[in-house]
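Residues per chain are reported as follows:
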Amino acid sequence: MDRHPIGNGMCAPRIPRELAALIAALQLKGATTEALLELEEHEWESLLRFCDLAHLTLRLAQVDTSGFPLWVVERLKKNVTDNAARFERVKATYREVADAMDQAGVEYLVIKGFTQAPEYVADACLRVQSDLDIYCPKERIVQAKTALMGIGYQPEETIDYSRADHLPTMIRPSNWQWRGNAFDPHMPLSVELHFCLWNESVYCLSVPEVDHFWERRIKRTLGETSFPALAPVDHVAYLAIHILRGLLNGDWVIHHAHELATFLQGNAKNDEFWHAWKQTHSRSFRALQAIAFSHARSWFCCDVHEEVLDVSQELDPKIREWLSRFTGSSLEGMFRPNKSWIWLHTALLNSPEKKRQMLRRALVPSRIPRADAPAVQFENRRPRRTESLHPSLRYTAFIVSRLTVHARLIPTTLWQGLCLWFSQRQLKRQFWTFLVASFFLTGACQSTSFYSICF
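Parameters at a glance
- Residues numbered from 1 in each chain as written.
- Predicted model: local features only at pLDDT ≥ 70, side-chain atom pairs only at ≥ 80, totals over all residues.
- Heavy atoms only, no water.
- Buried < 20%, exposed > 50% of the residue type's maximum accessible area, 1.4 Å probe, protein only.
- Helix = DSSP H or I, 4+ residues; strand = E, 2+ residues; numbered from the N terminus.
- Pairing = 2+ DSSP bridges.
- Core = buried A, V, L, I, M, F, W, Y, C linked by side-chain atoms within 4.5 Å.
- Contact = heavy atoms within 4.5 Å.
- Patch = residues over 30% accessible without salt bridge, like charges linked within 9 Å, V, L, I, M, F, W, Y side chains within 5 Å.
- Areas by Shrake-Rupley, 256 points an atom, 1.4 Å probe, with all protein chains shown as cover.
- Salt bridge = Lys/Arg side-chain N within 4 Å of Asp/Glu carboxyl O.
- Axes fitted to C-alpha atoms, helices over the stretch in contact; angles between N-to-C directions.
- Parallel < 35°, antiparallel > 145°, perpendicular 65-115°, else oblique.
- Nonpolar A, V, L, I, M, F, W, Y, C, P; charged D, E, K, R; others polar.
- Phe/Tyr/Trp six-rings, centres within 6.5 Å; stacked < 30°, edge-to-face > 60°.
- Lys NZ or Arg CZ within 6 Å of the ring centre and 35° of its normal.
- Left-handed = near helix turned anticlockwise from the far one by under 90°.

Student: Would you mind showing me how to read the pairing of strand S4 (residues 131-135) here?
Tutor: Successive side chains on a regular strand alternate, one facing one side of the sheet and the next facing the other. For S4, the tally of buried residues reaches five of five residues, placing the bulk of the element in the interior. For strand S3 (residues 109-111) and S4, the ladder comprises three bridges, and the chain directions are antiparallel. Within the sheet, the bridge partner assigned to Val110 lies in S4 and is Ile134.

Student: Explanation requested: the nonpolar core in the structure shown.
Tutor: Taken as a class, soluble globular proteins show a tendency for nonpolar side chains to be buried jointly. One finds Leu60, Ile254, Leu264 and Phe293 to be the most contacted residues of the largest nonpolar core, which totals 92 residues. In terms of residue count, helix H8 (residues 232-249) provides more of this core than any other element does, eleven residues in total. What Leu60 contacts, discounting residues up to four positions off in sequence, is Leu22, Leu26, Leu36, Trp44, Leu48, Cys51, Phe68 and Leu76. The next biggest cluster of nonpolar side chains, apart from the first, holds 27 residues, and it includes Tyr94, Met101, Val106 and Ala144.

Student: So what exactly am I meant to see when it comes to a nonpolar patch on the surface here?
Tutor: A contiguous nonpolar surface patch, about 480 Å² in accessible area, is contributed by Trp415, Leu418, Trp421 and Phe422. Within the fold, Leu418 resides in helix H18 (residues 391-423). Since its relative accessible area comes to 38%, Leu418 is described here as partly exposed.

Student: Honestly, the environment of Ala21 in this entry has me stumped. Any pointers?
Tutor: Mapped onto the elements, Ala21 comes out in helix H1 (residues 17-25). Of the residues examined, Ala21 reaches a relative accessible area of 1% and is grouped as buried. As a C-alpha pair, Ala21 and Glu38 span 17 residues in sequence and 8.9 Å in three-dimensional space.

Student: Sorry, what's going on with the side chain of Asn79 here?
Tutor: Of note, Asn79 is situated in helix H5 (residues 70-104). Ignoring any residue separated from it by four or fewer positions in sequence, one finds Asn79 in contact with Thr57, Leu58 and Phe183.

Student: So what exactly am I meant to see when it comes to the packing of H8 against helix H15 (residues 341-348) here?
Tutor: In a pair of packed helices, the angle between the axes and the distance between the axes together describe the arrangement. Across the interface, H8 lies against H15 with an axial gap of 8 Å and an inter-helix angle of 120°. Considering their axes alone, H8 and H15 lie oblique with respect to each other. Across the interface between the two elements, Leu244, Leu247 and Leu248 from H8 touch Trp341, Leu344, His345 and Leu348 from H15. Along the lines of polarity and charge, the residues of the contact of H8 with H15 split into six nonpolar, one polar and no charged.

Student: Looking at this model, I keep getting lost on the packing of aromatic side chains. Mind explaining?
Tutor: For any two aromatic rings, the description comes down to two numbers: the centre-to-centre distance and the angle of the planes. Per the stated rule, a full pass over the model turns up 17 aromatic pairs. Plain terms: the ring middles of Trp274 and Phe293 are 6.1 Å apart, the flat faces sit at 90° to each other, and that makes the pair edge-to-face. Of the two residues, Trp274 sits in helix H10 (residues 271-280) while Phe293 sits in helix H11 (residues 283-300), which places them 19 residues apart along the sequence. According to the relative accessible area criterion, Trp274 is buried, its value standing at 0%. Overall, the relative accessible area of 1% leaves Phe293 in the buried class. Site record: aromatic cluster; members linked through ring pairs are Tyr120, Phe263, Phe273, Trp274, Trp277 and Phe293. Note that Arg217 overlies the ring of Trp214, its terminal NZ or CZ placed 3.9 Å from the centroid. When the ring centre of Trp277 is taken as reference, the NZ or CZ atom of Arg286 above it lies at 5.9 Å.

Student: Before we go on, may I ask you to explain the packing of helix H3 (residues 41-54) against H5 in this structure?
Tutor: Two numbers describe how H3 lies on H5: the axes approach to 11 Å, and their chain directions differ by 15°. When the interaxial angle is binned, H3 and H5 end up roughly parallel. Relative to H5, the crossing made by H3 is right-handed. Between H3 and H5, the contacting residues are Glu41, Trp44, Glu45, Leu48 and Asp52 on the first element and Trp71, Val72, Arg75 and Leu76 on the second.

Student: Quick question: what am I supposed to make of the pairing of strand S7 (residues 190-194) here?
Tutor: Taking burial as the measure, the five residues of S7 include five buried ones, the bulk of the element. Side-chain alternation along S7 places Ser190, Glu192 and His194 on one buried face and Val191 and Leu193 on a second face that is also buried. Bridge analysis of S4 against S7 gives five bridges, and the strand direction is parallel. Along S7, the bridge assignment pairs Asp131 with Ser190.

Student: Can you walk me through the side chain of Gln289 in this structure?
Tutor: Position of Gln289 among the secondary structure elements: in helix H11. Take Gln289: its relative accessible area is 0%, and that puts it in the buried class. In contact with Gln289, other than residues within four places in its own chain, are Val236, Ala237, Ala240, Trp277 and His281.

Student: I would appreciate a short explanation of the pattern of salt bridges in the present structure.
Tutor: Any two side chains of opposite charge can pair, on the condition that their charged atoms come close. On inspection of all chains with the given rule, the structure shows 20 salt bridges. The salt bridge involving Lys278 is made with Glu307; its shortest N-O contact spans 3.7 Å. With Lys278 in helix H10 and Glu307 in helix H12 (residues 306-313), the pair connects residues that are 29 residues apart, well separated along the chain. Lys278 sits in the partly exposed class, given a relative accessible area of 35%. For Glu307, a relative accessible area of 16% puts it in the buried group. The salt bridge partner of Glu353 is Arg356, with a shortest N-O separation of 3.1 Å. Placement of both Glu353 and Arg356 in helix H16 (residues 352-363) is noted, with a separation of three residues, approximately one turn of the helix. Connected through salt bridges with shared partners, the residues Glu107, Glu139, Arg140 and Arg217 form a single ionic network.

By themselves, these observations are geometric and do not establish any function.
Structure, rendered in structure tokens:
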């Protein structure tokens, strides 16, 4: 992997050539497909596998495909057609879930998914959706779960949900089998019941303003589908802190960042919206959102409103320094594990004890997935090479690999933290010049004194 410039050139992450070409084609300003046209067949195959995993295939299908290999064009057309048919299943599943909630008297919000249309993605048919995300206040969450179980959904119990902001994913048993098509119209949807919009206990960081999202909720309509949703100013805020959550988890956030960049570009001159955003959210909350804004702008070169620029320029110097050095680390992390996000998380915490707690947990994870957890079978959302081994050997290989990766990352991560710490001391060149000159001057004076004494 080579270093490739992205977005506005703020950072040059080490990413494969095909991903750099994709990002160049997805820019909101100055997009070009020239690098895509230079890809060889094996690079196209790699890129399409990546796009399926990163939820960017349908975005790629929207760029000018002139000059793409014919098989690539045909594949993208099929993906678009399949996903349009799949969206019909999404709508039908939502109507069924909504009816169950209404009959149980449960109030809720729909978040993410098709609610991103039309400001974050032009058409809901052009967005991959594998589940429905429903938020309910904590006092209603058990009632909501009971309503879903009443129509056949059951909680998935093999994954560790201790760091999630939702209950175990609800799945309705079916005979459907995976056949390699990420856009299969017949693929059933799961449901995730969110009990919070930000999990303070996991991130040791308080974001109290999300508690007010509920009281500002609105009713929206998309085509023939009506649903309760976040108010516009809270919608962009939720997406921004959802990206921040992903950054602090080392998750893939590239498709969310592109959706955010699309919104920022489309509302770059919307004075009324950003005035309401500023009036609704505190300065500290706007600053948290600005971290995601910075990633979206850096990766996908979008215009932004002056209010976004102002809050970005007013960020804490430690966070600005981290952004200047590590904005591309999340892109690299999709191919080469890293823990650069640790130092962003540290910069966001005020309590020394919380910082130590976070560092211990991040550098030496104490939780080990169960043998039947998906993480044992999959890596970066793809089957591990050990899938043909006996389950006990596969699990042993997973544990050894996991410990090896963490051990290898510790010195690199600590070195990054040390470099960041020194850079934040803001010692100017003149100071170091003075310090070096003083050292030699002091040495010369001491030598003269010693000479005088001896002779």
